Amino acid sequence: MKQTPVLERDAALEQVTRASAPNDYALNLTVVYHDARTQAWAREVYDRVVKLAGREWLRATWWKISDLVEPGVLAGAVSTAIRAELIVVAIDAAEGLPLPFHVWIQNWLPHRQQSAGCLFALVGRSGPANAHSSRVREYLREVARMGRFEFLLDERRLPAQPTAEPHHPARTSRPHLHPIEVGALVGIGRSVIHRTA
């Protein structure tokens, strides 16, 4: 596990943030995170960038990976990544990368025109180290290379995720149907449609 040393990371962040200041434009920061734990970790990087660049010189967007399945959210995340000087990816690599994350990468990476920037990968794991973590690191390193980004890496063990799912009244009010019951309901619906037509 090769992490970027703290001083080197901070120097690279400072270089990226300072590069935008003389040009009188805001630093575009895109943050993509997995869950509340990785969002908090990304917030630490964001706070460092705010200290370096100043809040008035920072234009940040935050995207939760599971929300990237929505076309409008995906379009927004792709658009901001294309223009970003700094992309922070904060993930739990214990299970690998989800499909919406790959779709996001494949939609912005070929369209990126800038030659400078930084991809800061925050690769966490909630379980024991496994092959997924290594593959995730190498994949993100390759994305950085293809996007002409400087690649920074930080890794840590993530705290256990809460096991209880929050109460969602809309979900619990629906009955759970067996596939045969669903098929029967579909058949009933078809017969009602044919009778009334």
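One structure accompanies this document, and this report is about it. (Residues numbered from 1 in each chain as written. Predicted model: local features only at pLDDT ≥ 70, side-chain atom pairs only at ≥ 80, totals over all residues. Heavy atoms only, no water.)

## A word on the nonpolar core
Part 1: Ranked by internal contacts, the top residues of the largest apolar core, which has 29 residues, are I87, F101, W104, W108 and L140.
Part 2: Breaking this core down by element, the ones donating at least two residues are α3 (71-83), β3 (86-92), α4 (99-108), β4 (118-125), α5 (131-146) and β5 (150-157).
Part 3: Leaving out residues up to four positions away in the same chain, W108 has contacts with V78, A81, I82, I87, V143 and F149.
Part 4: One finds V31, V49, C118 and L152 within the second-largest nonpolar core, a separate group that totals 19 residues. (Core = buried A, V, L, I, M, F, W, Y, C linked by side-chain atoms within 4.5 Å. Buried < 20%, exposed > 50% of the residue type's maximum accessible area, 1.4 Å probe, protein only. Helix = DSSP H or I, 4+ residues; strand = E, 2+ residues; numbered from the N terminus. Contact = heavy atoms within 4.5 Å.)

## Some words on the environment of R112
Part 1: Mapped onto the fold, R112 is located in the loop between α4 and β4.
Part 2: R112 sits 29 residues away from R83 along the chain, and the two C-alpha atoms are 7.3 Å apart.
Part 3: Residues contacting R112, with those up to four places away along its chain left out, are A81, I82, R83, A84, G117, G147, R148 and F149.

## Some points on the pairing of β5
Two faces, one strand: in a regular strand the side chains alternate between the faces of the sheet.
Part 1: Bridge analysis of β4 against β5 gives 8 bridges, and the strand direction is parallel. Counted as the bridge partner of G124 is R156 from β5. (Pairing = 2+ DSSP bridges.)

## As for the pattern of salt bridges
Part 1: Taken as a whole and judged by the stated rule, the model has 6 salt bridges.
Part 2: With a closest N to O distance of 3.6 Å, E138 and R141 form a salt bridge. Taken together, the residues span about one helical turn, with E138 and R141 both in helix α5 at a distance of 3 residues.
Part 3: Residue classification places E138 among the partly exposed positions, given a relative accessible area of 42%.
Part 4: Ionic contacts of the salt-bridge type, sharing partners, join the residues D35, R37 and D92 into one network. (Salt bridge = Lys/Arg side-chain N within 4 Å of Asp/Glu carboxyl O.)

Shape descriptors only; they carry no functional weight alone.
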